[in-house]
Amino acid sequence: MESNTITKPKPKDYTASAVNLVNPPEVAEVLEQRAKAVGMLNEAKQRLEETIEYQNVSLLAKDIAEMSRQLQELVETYGSYQDMEQGLYAIKQAKVSVSYDPMRVKANLPKFADAVIEETVNKKAIEGLIKGKLITPEQADACADKSESYAYIIKSGD
């Protein structure tokens, strides 16, 4: 017999990557307040979704998405459109990304090749050597430059 219960995902443990993880009560207090506010917001969204106004907005959003798709096709067929006074734009814009081939730089700019070509190490290959036990993590660390950057993870009922 199958159960129709929905299981919640296991909470994520950030112990290994958290900075200064000390669970201060000041942070807990605001997190608990935020969790209540998120719950209230979710309830309000659910009530809102049941209203005719929300359903009308949803239909309009679908219509606008379809018009945007249609405009892309029309621009492909007939060309771009721009009316700056009215703020109306249907533009197919070209964006160019440039990269340079080291071999062609060596051939065409031999005097500057050493100054502009950078040598890199394949990080995944190093990780594979560690995983395959061909080198130790300490050996890899001796060749590594590490830098830290920070991101905030704030969750409370959302």
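Nothing here was measured: the structure is a model prediction, and the numbers come from that model. (Residues numbered from 1 in each chain as written. Predicted model: local features only at pLDDT ≥ 70, side-chain atom pairs only at ≥ 80, totals over all residues. Heavy atoms only, no water.)

## A short note on the pattern of salt bridges
Note that side chains of opposite charge can pair when their charged atoms are close.
Right, on to step 1. Under the defined criterion, the tally for this structure stands at 6 salt bridges.
Right, on to step 2. Between Glu-66 and Arg-69 there is a salt bridge, with its nearest N and O atoms 2.3 Å apart. You can see Glu-66 and its partner Arg-69 sitting in helix α2 (residues 52-78), 3 residues apart, about one turn around the helix.
Right, on to step 3. Look at Arg-69 and you get partly exposed, because its relative accessible area is 36%.
Right, on to step 4. A salt bridge links Glu-73 to Arg-69; its shortest N-O distance comes to 2.3 Å. (Salt bridge = Lys/Arg side-chain N within 4 Å of Asp/Glu carboxyl O. Helix = DSSP H or I, 4+ residues; strand = E, 2+ residues; numbered from the N terminus. Buried < 20%, exposed > 50% of the residue type's maximum accessible area, 1.4 Å probe, protein only.)

## Topic: a nonpolar patch on the surface
Right, on to step 1. A surface patch of nonpolar side chains, amounting to about 450 Å² of accessible area, comprises Val-27, Leu-31, Tyr-152 and Ile-154.
Right, on to step 2. Mapped onto the elements, Leu-31 comes out in helix α1 (residues 25-49). (Patch = residues over 30% accessible without salt bridge, like charges linked within 9 Å, V, L, I, M, F, W, Y side chains within 5 Å. Areas by Shrake-Rupley, 256 points an atom, 1.4 Å probe, with all protein chains shown as cover.)

## Describing α2
Right, on to step 1. In a regular helix each residue adds 1.5 Å, so 27 residues correspond to 39 Å; α2 covers 38 Å between its end C-alpha atoms and thus fits that length.
Right, on to step 2. Immediately beyond the C-terminal end of α2, within one or two residues, lies Gly-79, with a positive phi of roughly 115°. (Expected span 1.5 Å × (residues − 1).)

## A word on the environment of Ile-117
Right, on to step 1. Within the secondary structure, Ile-117 sits in the loop between α4 (113-116) and α5 (123-131).
Right, on to step 2. When the C-alpha positions of Ile-117 and Pro-102 are compared, they lie 6.4 Å apart, and in sequence the two are 15 residues distant.
Right, on to step 3. Ignoring anything within four residues of it in the chain, the contact list for Ile-117 reads Pro-102, Val-105 and Lys-106. (Contact = heavy atoms within 4.5 Å.)

## Structural notes on the environment of Glu-118
Right, on to step 1. With respect to the secondary-structure elements, Glu-118 resides in the loop between α4 and α5.
Right, on to step 2. Classification of Glu-118 by relative accessible area gives exposed; the value is 70%.
Right, on to step 3. In the structure, Glu-118 is positioned 16 residues away from Pro-102 in sequence and 9.0 Å away in space, judged by C-alpha atoms.

## Points about the side chain of Asp-83
Right, on to step 1. The residue Asp-83 is located in strand β1 (residues 81-83) in this model.
Right, on to step 2. At 22 Å, Lys-95 is the nearest oppositely charged side chain to Asp-83, a buried residue that forms no salt bridge.
Right, on to step 3. At a separation of 3.2 Å, a polar atom in the side chain of Asp-83 contacts the main-chain amide nitrogen of Glu-85. (Lys, Arg positive; Asp, Glu negative; His and termini not counted. Polar contact = N/O pair within 3.5 Å; in protein donor to acceptor, adjacent residues only side chain to side chain.)

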